[in-house]
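Below, each chain spelled out in residue letters.
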Amino acid sequence: MIIHLTVDNKELQADILSGETLRDLLVSHGYISVRDSDDKEGFAGSDTVILNDRPVYANLMLAAMADNAVVRTPHSLSDKGSLSIMQQAMIDSGVVQSAYNAPAAALLLTWLLEHNSDPTREDIKEVLSGIFIRDTGYEHYFLAVKLAQEKMETGHYITPIAPEFREHLDYIGKVKPKVDGRQLVAGWKSFVEDRVEPGASTLILLRSPHAHAYINSIDIEQALKVPGVITIITAFNCPDVYYMSAGQGNPEPSPYDRRLFNRKVRHVGDRVAAIVAKTEEQALKAKELITVDYEILPAIFTVEEAMAEDAPIVQNGKVEFLSGAPDDLESYNSDIDEREGKVIYPFPLHADIRHNVAAAAHGAIGDVEKGFEQADALIERTYQSSQIQCTPLEPHLVFTKMDNDRLVVHASTQVPFHLRRIVAKVCQIPENKVHIIKEKVGGGYGSKQDILVEDVVAYATYITREPIYYRNTREEEFIANSTRHPMRVTVKMGAKKDGTITGVYMDVRANTGPYGNHCLTVPMNACSKTLPLLTCPNMKFDVTTYYTNIPPTGAYQGYGAPKGSYALMTALNELADQLCIDPLEMAMKNKVDRGFMLEILKSLGEGREGTVVPVGSCGLDKALKEGAKMINWGVKERMDDPEWHVGKGFAMIQQGSGLPGLDHSTCDVVLNTDGTIMIHSGGSDLGTGLDTISVKCVSEVLKIPMDKVAIISGDTDTTLFDTGAYASSGTYFSANASLKAANDLKEKILNEASLQMEEPKEDLSIEAPGVVVSVKTGKELTFATLSHDALTGVGRGQLVGYGSFVTNDAAIPYGAHFAQVAVNIRTGEIKVQKYYGLQDAGTPINPELALCQMYGASLKSIGHSLYEDMILDENGVCLTPDFTTYGVPMTSELPDDFKMVLIDEDDEFGPYGAKSISEIATNGAAPAIANAIHDAVGVWMRSWPFTPEKILKELGKIS
Amino acid sequence: MIGKFTKGESPKQILQEVQKGKGLTRLIAGGTEINRLGSSVAADHLISLQNLSLNEIRKEGSLISIGAMVTFTEMLESDTIPAYLKEAVRFCGSFTRRNMATIGGNIAADRDDSYLMPTLLSAKARVLLGDISIDGKYNEEDIPLREYLEFRDHFNDSLILAVILNRPQRVVLSKRFARSVQSNAAVTVSFGASVEDGTLSDFRIFAAVKGTGIVRLSHIEEGIANRQFVEPEDVAPSATQNIAFVDDITGSSSYKRYILGSSVADLYKQSLSIVENGGDL
């Protein structure tokens, strides 16, 4: 049918299909900023447009319903590269980070200001209630609106955006626009989906309906006859290559138990076949014609079921070791069903797959039993965390193509170099035949540290030479993506009457699901990012990870720390309660301070012995004291309604900054012929501002404005190796590499200037804006002249700085989160009234972005604690495969009073004293809220999420 | 798979098309239910109500008529819509969705976690329906929403034209229980009563219970009317008799049972308090 509409002031006549959505129509006409995050759920708002002056979801609306309508898209906000005031205010306030739906948010807020020039916080919350912001929370959106208002009224901003740090520096610690902010907020081509070439084929996956089954046979004969079908890949024709999807180090401390396709499916949603066809319709038709003969097996879903005698065994194949094979391996491998495949351990991880144990680790300092004997009070409690989805707004997707005989992968990844290695391994080709181009990442949160879609799509392109686009549905994100490991953490803790902790034991039992990616390192973090907070001399831990048939798990922001922090800090509060002492006092008494030697780290390495280091810069004390003051700690609050009881809680937290001894970053910085700078960084900016940090480091060293510095990052052809963005490594590792490269280039510039100016290097200095100045003669040489002369036919060549960063030094961020909640004793409802996060990030290089990440991570973990939950039925089918049923926090779930504070602590090892910022912020909510609930109504919440129903059960209102 | 989309010309023409379509022709109002991911509505021909001018809110004497195509946002923006209905409209937590969802669509969607149905039923709302009789004539009649709900299948081929609210002194209080504002509700409950001479009468208590559907708590209505309960709290234990609750992702059956009983008692208590204090209805 033919419809007419006006889009962004242009008449559009379109011949549409009856079922076509308005979004499909708009995207097909080039309005690419109208994106899709929810497959027509009408929830996430990436598809928001204004229709006849009302914001609507374009994906939830049939195009036919827009006949004769006036439509406005985010494209209307920018004019030939010039951004609107609202768009610029969003960049300046720091909310444009992964930014997949930032254009839609800009459109909504623009619409709001056009209809209400002085909106209240509630007005803004209301308008943003239909848009899901995962990365930055919503708090700085209020600021963005205020800034835009001020700019419109006065021509400039009045409200301070964020505190600034290090007065002596020009760029570091200062509020500066994120270098890729313009393209992201305007909705210009940025993401993988924007790189797909016309005519690309499509790939869809046939997934298992069973949680646990052998595949006896797959009949693809009829499916292959469907016109347009190019190939179908199954366990019977894929490479017999075992690998690990986790992009972390090489070799990874995880079992290699992945194959493109297996003869055994291990979760509902596991891969069975990949269908490549010219169109999606053809692929779907072929999918229906594939018949699979399954032999269904009993399935297990919990740690307890996995531990049981005679439990079904999830991974029961032949075990191999790349090193350190045990002597009894031959007998261990007797009587193997070949359909089970293999599990290859790069080195021993204390596994026993015949008992579903994927990995284990144990360690101790002091004598924990002696510590317990010395205690006046002793508790032992078990805390259960649930399976949580990362929910990036941009799902996992990839576009692959051949360029001559090289495989080109446009990826949304945190680990381009690990991705290249794994794709090369799967395709059995050398790494120089693979080119990974990391596009902008529309949300990762750890889930894009795993190679979950690129392996099969790249292989399909490699064998067919077809360009192929693949994109997970939102349901596939839930059932076949990586998620937070459910964990059962038992803490035994003893203390003296005065609150001195004498012994701590943590028993971590983690559920890795069907595959073992991150199966050691995530659970280890439950201990390694919590126990080092305490000065207790007697500590012991056991970590055991079990295979089950739940949807896959993996990395998620915070890694294992949020679960360990929840258990350890709640146990500390429970023990303080038993001792009748203030838990904050107890924390203050037992916390570490600068200089304390962290002996526990020796046994907390990731698959090898860790390095013992002293506590370095540490803002823990300040965070606890300032937070206590902010929340009026010790003062009991009351509400008028007697059914609502108020309580306060806190948690002290820590994380790491990358993995000293394991991570490695490299970078080169090139002086262009006009004196501008090009950075080639191996680092992977996930939207968090790593590229901006690298640019700031170079600008600071070379005293050159940021707009004279450009960056390419995460491209395996044009940048140097970097282990990737995970474990909070970006600022510490990748930026340190950039800083080293900048300093190297500075030296080279001075050397070259010395030759060109014929003055000793010692007499030369670099001054703004990119000029070499002689302190003796006053002579000046611009970078442009210097570079030009270096590159004439008689010059000495282009100046390139190189930086390689490895370290054994740790830059540990610390902090404290405080919560005040109200709990209704009749209904079990919980309201977070106040939430304060205070964190020491060393020098916050991008303070406005840092604050937004703290807000985002805190709201996320409030969501994990109170609302979010992947629920499986008795057959392992996910009952919550969309945003609505899963339950993410939106503006309505914001705390009434939400504040993030940057504690100023200079670090000796981070670039310009910087430490990591974002991950740590996921560690505080669960224990702070659990402890606040106890303070309010006297019940301990020992499992996620803390639902009203659980409160009522604990209160004895329901059974 | 939607094979055909047309815009309805008149109620009669639309209803004729629906009759011809034999269940595969469906009406589309805002589209938030029909188009959404996981919709249970299957159709190969959609007829839009856009052109029928069903988007007016009118005062007609003591009555308020709300056209079926009036969106949730339009209800919130109207001075005519009573506060109790606006409260229920806000149960739909997404501003953007409220711009699309319509009152007629919400009723027709027949969901067990309906935002509006318990409130409208407790308010004793009526629906104006368009129908084609056996002799082919087009008729309009307004019936109690309760009756529409009770005989839902009978009205499958009817067209909701408007929702009608009476404007006597009536207190209507509603409460929705969901993990987060935009999660599916386990229970949405509404308590309605008329106010005459400072006392409550003519009670209506309805709940949308996930997995169970819309239920009327008639025995509690009668019990309150007959002064069977001494205190409002006494309502709770018997409120949920004869309701089959189910365990699902929104909560266990025991949770739903408790929260429904407790809330009915609480809403009753609040209603008494409002009347006793001469509060604004």
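Residues numbered from 1 in each chain as written. Chains lettered and ligands numbered in written order. Predicted model: local features only at pLDDT ≥ 70, side-chain atom pairs only at ≥ 80, totals over all residues. Heavy atoms only, no water.

Glancing now at the overall build of chain A. Looking only at helices and strands, one finds 25 helices and 35 strands in chain A. Rg of the C-alpha trace for chain A: 28 Å, near the compact-globule value of 30 Å for 959 residues, within the 12% margin. Projected onto the principal axes, the alpha-carbon positions of chain A cover approximately 75 × 70 × 65 Å. Going through the 959 residues of chain A one by one, you find that 68% of them count as buried. (Helix = DSSP H or I, 4+ residues; strand = E, 2+ residues; numbered from the N terminus. Rg over C-alpha atoms; globule rule 2.2 N^0.38 Å. Buried < 20%, exposed > 50% of the residue type's maximum accessible area, 1.4 Å probe, protein only.)

Residue and element names in this part refer to chain A. Secondary-structure assignment places Thr-718 in the loop between strand 28 (709–713) and helix 20 (730–757). As a C-alpha pair, Thr-718 and His-435 span 283 residues in sequence and 9.4 Å in three-dimensional space. When near neighbours in sequence (up to four residues on either side) are disregarded, Thr-718 contacts His-680 and Ile-712. (Contact = heavy atoms within 4.5 Å.)

Turning our eyes to something else, we now look at the packing of aromatic side chains. All names here are of chain A. Applying the stated rule across the entire model yields 24 aromatic pairs over all chains. A centroid spacing of 5.7 Å and a plane angle of 25 degrees characterise the contact between Phe-321 and Tyr-345, whose relative ring orientation is stacked. Residue Phe-321 is located in strand 12 (residues 318–321), and its partner Tyr-345 is located in strand 13 (residues 342–345); the two are separated by 24 residues in the primary sequence. Residue classification places Phe-321 among the partly exposed residues on the basis of a relative accessible area of 22%. For the ring pair Trp-633 and Phe-650, a centre distance of 5.4 Å and an interplane angle of 90 degrees mean the geometry is edge-to-face. Here Trp-633, found in the loop between helix 18 (620–630) and strand 25 (644–654), pairs with Phe-650, found in strand 25; they are 17 residues apart in sequence, far enough to count as distant. Above the ring of Tyr-214, the side-chain terminus of Arg-339 is found at 3.8 Å from the ring centroid. One Lys or Arg, Lys-831, reaches over the ring of Trp-644 and ends 4.4 Å from the middle of that ring. (Phe/Tyr/Trp six-rings, centres within 6.5 Å; stacked < 30°, edge-to-face > 60°. Lys NZ or Arg CZ within 6 Å of the ring centre and 35° of its normal.)

The next thing to look at is the interface of chain B and chain A. If you look at the interface, chain B gives 44 residues, while chain A gives 52 residues. In this assembly, chain B packs against chain A so that about 3900 Å² is buried in total across both faces, 55% of it on carbon and sulfur atoms. A per-residue breakdown of the area chain B buries against chain A is headed by Phe95(B), Arg179(B) and Gln182(B), which together make up 18% of the total. Summed over the shared surface of chain B and chain A, the number is six salt bridges. Its salt-bridge partner being Arg54(A), residue Glu77(B) comes within 2.8 Å of it at the nearest N-O pair. Here chain B is connected to chain A by 22 residue pairs in polar contact (both at pLDDT 80 or more). Of all elements in the fold, only strand 1 (4–7), helix 2 (72–77), helix 4 (95–98), strand 9 (170–177) and helix 10 (253–276) of chain B reach the threshold of two or more residues within the side of chain B that touches chain A. (Buried area = accessible area lost by both parts, 1.4 Å probe. Salt bridge = Lys/Arg side-chain N within 4 Å of Asp/Glu carboxyl O. Polar contact = N/O pair within 3.5 Å; in protein donor to acceptor, adjacent residues only side chain to side chain.)

Our next topic: helix 5 (residues 139–154) of chain A. All names here are of chain A. The terminal C-alpha atoms of helix 5, which comprises 16 residues, lie 23 Å apart, in line with the 22 Å expected from a rise of 1.5 Å per residue. Among the residues of helix 5, those classed as buried are Glu-139, His-140, Tyr-141, Phe-142, Leu-143, Ala-144, Val-145, Leu-147, Ala-148, Gln-149 and Glu-150. At the exit of helix 5 stands Gly-155, carrying a positive phi of roughly 90 degrees. (Expected span 1.5 Å × (residues − 1).)

This next bit is on the pattern of salt bridges. One pass over the full model with this rule turns up 72 salt bridges over all chains. Linking Asp180(A) and Lys178(A) is a salt bridge whose minimum nitrogen-to-oxygen distance equals 3.0 Å. The network of salt bridges with common partners includes Glu33(B), Arg36(B), Arg111(B), Asp112(B), Asp113(B) and Lys210(B).

Next up on the list: the domain arrangement of chain A. Residues and elements named next belong to chain A. Per the domain assignment, the segments making up chain A are domain 1 (2–77), domain 2 (85–193), domain 3 (196–297 + 393–443 + 447–480), domain 4 (483–659 + 810–954) and domain 5 (665–805). Computed from C-alpha coordinates alone, the two centres of domain 1 and domain 2 are separated by 24 Å. Each partner contributes residues to the interface: domain 1 has 22 residues there, and domain 2 has 21 residues. Of the roughly 1700 Å² buried where domain 1 meets domain 2, counting both sides, 59% is carbon and sulfur surface. Its largest share of buried area at the contact with domain 2, domain 1 owes to Arg-35, Arg-72 and Leu-77, together 33% of the area lost on that side. Counting across the interface, domain 1 meets domain 2 through two salt bridges. (Domains from an automatic or database assignment.)

Moving on to the sheet that holds strand 35 (residues 897–903) of chain A. Residue and element names in this part refer to chain A. Pairing is mixed across the open sheet formed by four strands, whose spatial order is 25-33-34-35. Each edge of the open sheet carries a strand with a single partner, namely strand 25 and strand 35. Strand-to-strand twist across the sheet, computed as the mean angle between neighbouring axes with direction ignored, equals 10 degrees. Contacting strand 33 (814–824), strand 34 (830–840) and strand 35, helix 22 (residues 847–866) runs over the sheet at an angle of about 130 degrees to strand 35. (Pairing = 2+ DSSP bridges. Axes fitted to C-alpha atoms, helices over the stretch in contact; angles between N-to-C directions.)

Before going further, it helps to examine the sheet that holds strand 3 (residues 48–51) of chain A. All names here are of chain A. The five strands are arranged 2-1-5-3-4 in an open sheet whose pairing can be described as mixed. Each edge of the sheet is formed by a strand with only one pairing partner; in this case those strands are strand 2 (10–15) and strand 4 (54–57). For this sheet the average axis-to-axis angle between neighbouring strands, irrespective of direction, equals 40 degrees. Sheet analysis places strand 1 (residues 2–7) next to strand 5 (residues 70–72), joined by two bridges and oriented parallel.

Once that is clear, we can look at unusual backbone geometry. Residues and elements named next belong to chain A. For the bond from Asn-250 to Pro-251, the omega torsion is 5 degrees, close enough to zero to count as cis. Within the secondary structure, Pro-251 is located in the loop between strand 8 (229–234) and strand 9 (264–265). A cis amide bond, omega -5 degrees, links Ala-768 with the succeeding residue Pro-769. By the secondary structure assignment, Pro-769 is in the loop between strand 29 (764–767) and strand 30 (771–774). Although it is not a glycine, His-518 sits at a positive phi angle of roughly 60 degrees.

Take the side chain of His518(A) next. Residue and element names in this part refer to chain A. Note on placement: His-518 falls in the loop between strand 23 (501–513) and helix 15 (521–528). Within the structure, the side chain of His-518 is placed 3.3 Å from the side chain of Gln-248, a separation counted as a polar contact. Residues in contact with His-518, not counting those within four places in the same chain, are Ala-246, Gln-248, Ser-254, Gln-449, Asp-450, His-485, Pro-523, Gly-554, Ala-555 and Tyr-559.

This part is about the pairing of strand 2 of chain A. Looking along a regular strand, one sees the side chains alternate between the two faces of the sheet. Residue and element names in this part refer to chain A. As judged from the six bridges shared by strand 1 and strand 2, these two strands associate in the antiparallel manner. Note on strand 2: the bridge partner recorded for Ile-3 is Ala-14. Counting the residues between successive antiparallel strands, the hairpin from strand 1 to strand 2 contains two residues, one of them, Asp-8, with a positive phi of roughly 50 degrees.

This part covers the domain arrangement of chain B. Many authors give the size of an interface as the accessible area that is lost as the parts come together. All names here are of chain B. Here chain B is partitioned into domain 1 (56–166) and domain 2 (170–276). Each partner contributes residues to the interface: domain 1 has 19 residues there, and domain 2 has 27 residues. For the pair domain 1 and domain 2, the summed buried area comes to about 1800 Å², and 58% of that belongs to carbon and sulfur atoms. The largest contributions to the domain 1 side of the interface with domain 2 come from Phe-91, Asp-112 and Ser-122, which together make up 31% of the buried area. Linking domain 1 with domain 2 are three salt bridges, by the criterion used here. Among the salt bridges present, the one from Lys-124 reaches Asp-202, with a minimum N-O distance of 2.6 Å. Secondary structure elements with two or more residues in the side of domain 1 that touches domain 2: helix 3 (83–89), helix 6 (117–122) and helix 7 (145–150). When residues of the side of domain 1 that touches domain 2 are assigned to their parent elements, the largest contribution, five residues, is made by helix 6. Each residue belonging to the side of domain 1 that touches domain 2 can be placed in one class, and the counts come to eight nonpolar, five polar and six charged. (Nonpolar A, V, L, I, M, F, W, Y, C, P; charged D, E, K, R; others polar.)

All names here are of chain A. By the criterion of burial, helix 2 (residues 85–93) is predominantly enclosed, with seven of the nine residues buried. Inspection of helix 2 places Met-86, Gln-87, Ala-89, Met-90, Ile-91, Asp-92 and Ser-93 among the buried residues, and these make up the whole buried set. In the stretch just after helix 2, Gly-94 is the one whose phi turns positive, near 95 degrees.

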